[in-house]
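# Residue-level structural notes
Listed below are the residues making up each chain.
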Amino acid sequence: MADKFEYSHFKDINLDDPFFDSLKAQYEEFADWFLRKAEEKAYVLRDDDDQITGFIYLKIENEIIDDVTPQLPAAHRLKVGTFKIDAHGTRLGERVIKKIFDHALQENAEEVYVTVFDTHEALISLFEKYGFIKIGTKTTPNGSENVYLRSLRYSNNDIIKDYPLFRTSHRRKFLLAVHPEYHTELFPDSILNNEDSSIVEDVSHTNTIHKVYVAKLSLTRMERGDLIVIYRTTDNVGPAFYRSVATSICVVEETKKRRNFSNVEEFVRYAEASSVFDREALIAKYNAESRLFCVKMTYNAALTRRIIRGVLLDQVGISEQPRWDLRELTDDQFNQIIELGQVNESLIIN
C-alpha cells in the first residue's frame with residue numbers, strides 16, 4: 001500500500017513524532033512556529049503503520065517578498081512553507097509535487113516558490129525537474145537557503161518543466177479509449193460525476209504525474225508533445241451513448257513497442273511504477289503478447305464536466321467510424337472538448 005494524504009490542523013498533528021526531529025534541528029524556531037499554527041492546516045502523509053512520512057505546509061501570499069534577495073514583487077503566489085518527505089524509494093516526491101500544483105491551481109496562483117538548503121540535492125533535483133528555477137537566496141539565523149520559483153503563467157517550452165500546463169498549438173490531438181476497469185486507477189482525479197475534484201482527498205495511490213498505458217493497440221503514431229483526450233468506455237450499466245465519457249487531458253512523453261525492450265525485466269522496470277498492472281501482470285503480457293505497445297504520458301487535467309459519447313457525436317462532431325480506440329481529433333474538436341469540459345484556462349498555452 002502507498003502512503004495516504006491527510007489535510008489536518010496543526011493542533012491534530014503530533015509535533016513529538018520523530019519525523020519532525022530533523023526540522024527542529026535545522027530550524028531553531030520550528031517548534032514555536034508549529035504551535036502558533038494550531039488552527040491552520042497542512043498536508044500530512046502517513047504509511048500503513050500510521051507513521052508520518054511527509055509534511056507540506058502551503059500558504060498564499062500576495063505581498064512583496066522582501067526577506068529574499070533579490071526581493072520578489074507582489075503577486076498572487078503560493079509559498080511552499082515547509083516541505084519534508086521520507087521517500088523510501090517510492091513515487092512519493094512526484095505525488096507531492098502534483099499535490100502542490102493541484103493546490104496552486106485551485107488557488108489560481110501565478111507562481112509557486114520554495115526555499116531549500118543546498119544540502120538537499122535530491123529535493124532540488126525534484127523541483128528543477130518540474131520547472132523550478134533558482135532566482136535568489138534567503139538568509140536567516142539558520143543559514144542561507146536557495147529560493148526556487150516556478151511560474152504558472154509562462155512556458156519553459158518543455159512538457160515536463162511546463163507541467164501541468166500544456167501547449168495546444170501545432171500539436172496533434174488524439175482520443176484514446178481506456179476500459180473502465182483500468183480508468184479510475186490510472187486517472188484517479190477523473191471521477192465520474194459533475195463535481196470538481198477535491199484537492200484535499202487523495203483518491204488513489206496512483207495519484208501521480210506520469211502514467212504508462214499498455215495495450216495491444218499500436219500507439220506509435222503519437223509523438224512527444226501530442227495531446228490525448230482520455231475516453232472511458234462504457235461500463236455496460238447503460239447505453240454507451242450515455243455511459244462512455246471523455247474525462248482527462250494528457251500529454252505524450254514517448255511511445256514504445258515490445259522490441260524497444262531488450263528483455264522482460266527492462267519492460268517491467270519501465271512500466272510498473274506508472275501502470276495499473278502489477279509485476280506479475282506485466283510479465284504475463286510481455287510473454288504472451290507479440291503485439292505490445294506503451295505510451296508514457298503526463299496526466300495534466302481532469303475535465304470538470306465529463307462529456308458523454310452522445311455529446312461527442314452530436315455536438316463535437318466525432319463520427320462513429322473509424323473505431324474510437326485511438327482516434328485523431330481536429331483542432332476544432334479538441335477545443336470544443338476543452339470548452340465543454342470546463343478545463344481551467346490557465347493550464348492552456350496557446
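Here goes a summary of the coordinates provided. Being a predicted model, the structure only gives us computed values, none of them experimental.

Scoring rules and cut-offs
- Residues numbered from 1 in each chain as written.
- Predicted model: local features only at pLDDT ≥ 70, side-chain atom pairs only at ≥ 80, totals over all residues.
- Heavy atoms only, no water.
- Helix = DSSP H or I, 4+ residues; strand = E, 2+ residues; numbered from the N terminus.
- Rg over C-alpha atoms; globule rule 2.2 N^0.38 Å.
- Buried < 20%, exposed > 50% of the residue type's maximum accessible area, 1.4 Å probe, protein only.
- Contact = heavy atoms within 4.5 Å.
- Areas by Shrake-Rupley, 256 points an atom, 1.4 Å probe, with all protein chains shown as cover.
- Lys, Arg positive; Asp, Glu negative; His and termini not counted.
- Charge placed at Lys NZ, Arg CZ, Asp CG, Glu CD.
- Phe/Tyr/Trp six-rings, centres within 6.5 Å; stacked < 30°, edge-to-face > 60°.
- Lys NZ or Arg CZ within 6 Å of the ring centre and 35° of its normal.
- Pairing = 2+ DSSP bridges.
- Axes fitted to C-alpha atoms, helices over the stretch in contact; angles between N-to-C directions.
- Parallel < 35°, antiparallel > 145°, perpendicular 65-115°, else oblique.
- Left-handed = near helix turned anticlockwise from the far one by under 90°.
- Nonpolar A, V, L, I, M, F, W, Y, C, P; charged D, E, K, R; others polar.
- Arc of directions from axis to C-beta.
- Expected span 1.5 Å × (residues − 1).

Moving on to the overall build of the chain. A count of helical and extended segments in the chain gives 10 helices and 15 strands. A compact globule built from 350 residues should have a C-alpha radius of gyration of about 20 Å, and the chain, at 22 Å, falls within 12% of that. In terms of overall dimensions, the chain has C-alpha extents of about 65 × 40 × 35 Å along its principal axes. Counting the 350 residues in the chain, one finds 51% classified as buried. Look at the contacts in the chain between residues 6 or more apart in sequence, and 72% of them connect residues 24 or more apart. Working note: accessible area of the chain is about 16500 Å², and carbon and sulfur atoms make up 46% of it. For the chain, the centre of its 45 positive side-chain charges and the centre of its 57 negative side-chain charges are spaced 6 Å apart.

This part covers the packing of aromatic side chains. In this structure the tally under the stated criterion is 24 aromatic pairs. Counting every residue linked through ring pairs, the aromatic cluster contains Phe-10, Phe-19, Phe-20, Phe-30, Trp-33, Phe-34, Phe-55 and Tyr-57. Positioned above the aromatic ring of Phe-5, the side-chain terminus of Lys-99 is 4.7 Å from the ring centre.

A few words now on the sheet that holds strand E7 (residues 143-151). Reading across the sheet, the 7 strands line up as E1-E2-E3-E4-E5-E7-E6 and stay open at both edges, with mixed pairing between neighbours. What marks the edges here is a single partner per strand, and that holds for strand E1 (4-9) and strand E6 (133-140). With direction set aside, neighbouring strand axes in the sheet form an average angle of 25°. Sheet contacts for helix H3 (residues 92-106): E1, strand E2 (41-46), strand E3 (52-61), strand E4 (77-85), strand E5 (111-116) and E7; angle to E4, the most-contacted strand, approximately 160°. Running at roughly 165° to E5, helix H4 (residues 121-129) makes contact with E4, E5 and E7 of the sheet.

What follows concerns the side chain of Lys-37. Tracing the backbone shows Lys-37 in the loop between helix H2 (30-36) and E2. Lys-37 sits in the buried class, given a relative accessible area of 13%.

The subject of this paragraph is the packing of helix H7 (residues 264-271) against helix H8 (residues 279-288). Geometrically, a packed helix pair is captured by the angle between its two axes and the distance between the axes. Where H7 contacts H8, the two axes come as close as 10 Å, and the packing angle between them is 130°. In terms of orientation, H7 and H8 fall into the oblique class. For the element pair H7 and H8, the recorded crossing hand is right-handed. Contact residues: Val-264, Glu-265, Phe-267, Val-268 and Ala-271 in H7; Arg-279, Leu-282, Ile-283 and Tyr-286 in H8. Across the contact of H7 with H8, the residue classes tally to 7 nonpolar, no polar and 2 charged.

Let us look at the sheet that holds strand E14 (residues 326-329). The strand order across the open sheet formed by 6 strands is E10-E13-E12-E11-E9-E14, and the pairing between neighbours is mixed. Of all strands in the sheet, those with a lone pairing partner are strand E10 (210-215) and E14, marking the two edges. Each neighbouring strand pair of the sheet contributes to a mean axis angle of 40°, computed without reference to strand direction. In this structure, strand E12 (residues 245-257) lies alongside strand E13 (residues 293-308), joined through 11 bridges in antiparallel fashion. Bridge assignment links Ile-249 to a residue of E13, and that residue is Ala-301.

In this section: the environment of Leu-58. Along the chain, the position of Leu-58 falls in strand E3. Residues Leu-58 and Phe-293 lie 235 residues apart in sequence; the distance between their C-alpha atoms is 39 Å. Excluding residues within four positions of it along the chain, Leu-58 makes contact with Tyr-43, Leu-78, Lys-79, Val-80, Ile-100 and His-103.

It is worth spelling out H8 at this point. Among the residues of H8, those classed as buried are Leu-282, Lys-285 and Tyr-286. With its buried residues spanning 95° around the axis, H8 presents them on a single face. Turned more than 90 degrees off the buried face of H8, the exposed positions are Glu-280, Asn-287 and Ala-288. Considering only its buried residues, H8 is in contact with E10 and H7.

Before going further, it helps to spend a moment on H3. Taking 1.5 Å per residue, 15 residues should reach 21 Å; H3 reaches 21 Å between its end C-alpha atoms and fits that length. The buried count for H3 comes to 14 of 15 residues, which makes it a mostly enclosed element.

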